[in-house]
Amino acid sequence: MVDAIYPGSFDPFTLGHLDIALRARGIFGNLTIAVGVNGGKTSLLTPNERLELINEITPPGINAIAFEGLLADFVRGFEHPVIIKGIRNTADLDGETPMAQMNKTLAGVETVFLPASAEYGHIASSLVKQIARLGGDVSAFVPLSVAEKITSLFDSRTPASGEKNE
Ligand code: PNS
């Protein structure tokens, strides 16, 4: 049996991410969502907040855990790892192809690309954050609990407080 691993920042987890996760679980029977923790990167949600939201939203057979460092090192902890990536457009393909090739060289791990479903191809975490920061309604782009969480975070912050470092 393959250990399907879907890595990303998920800051925040969107309906596009959920769609890829559910489809990957449908193909592989199980899925680990690997939340990348990048100490140098500014994020809206802490790794724990992201894990809690993803584990609350996703059904059995999908489990979210955090990882630090190289994805190639993280996947070595699995017996038969395969990396899953969602591809929305040619920019994603251009960005993800060299990463897939590097991970194949580093850890011998294959990457499977799943095309985004047509209705989710425009959704990006960065745009969701921008819309929420400016007071817009993000409920068409993220699960309800994520919309509530990020809206409450921006409501409770001063305009100058910005996002936080991990
Ligand atoms: O959602 P994102 O921001 O596109 O996710 C990026 C992520 C976390 C999958 C990527 O940055 C990653 O794999 N980070 C781990 C560090 C690493 O392995 N870098 C080399 C990639 S070849």
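Structure: above.
Residues numbered from 1 in each chain as written. Predicted model: local features only at pLDDT ≥ 70, side-chain atom pairs only at ≥ 80, totals over all residues. Heavy atoms only, no water.

Q: How would you sum up the nonpolar core? Please name residues and give values.
A: With 19 residues, the main nonpolar core has Y6, F10, L31, I33, I54 and I84 as its most contacted residues. Counting only elements with at least two residues in this core, the list comes to β1 (3–8), α1 (15–28), β2 (31–37), α2 (47–57), β4 (62–68) and β5 (81–87). The dominant element in this core, judged by the number of residues it contributes, is α1, at five residues. Excluding its chain neighbours within four sequence positions, the residues that come into contact with L31 are A4, I5, Y6, A21, A24, R25, G61, I62, N63 and I84. Counting 13 residues, the second largest nonpolar core, distinct from the first, contains L53, V128, V138 and A147. (Core = buried A, V, L, I, M, F, W, Y, C linked by side-chain atoms within 4.5 Å. Buried < 20%, exposed > 50% of the residue type's maximum accessible area, 1.4 Å probe, protein only. Helix = DSSP H or I, 4+ residues; strand = E, 2+ residues; numbered from the N terminus. Contact = heavy atoms within 4.5 Å.)

Q: I'd like a rundown of the sheet that holds β1, residues and numbers included.
A: Pairing is parallel across the open sheet formed by five strands, whose spatial order is β4-β2-β1-β5-β6. Each edge of the sheet is formed by a strand with only one pairing partner; in this case those strands are β4 and β6 (110–115). Strand-to-strand twist in this sheet, taken as the mean axis angle between neighbours without regard to direction, amounts to 35°. Bridge count for β5 against β6 is six bridges, and the pairing is parallel. Residue I83 lies in a different strand from β6, and its bridge partner there is T111. Sheet strands in contact with α1 are β1, β2, β4, β5 and β6, and its direction is about 120° off that of β6. Helix α4 (residues 90–107) rests against β5 and β6 of the sheet, and its axis sits at about 170° to β5. (Pairing = 2+ DSSP bridges. Axes fitted to C-alpha atoms, helices over the stretch in contact; angles between N-to-C directions.)

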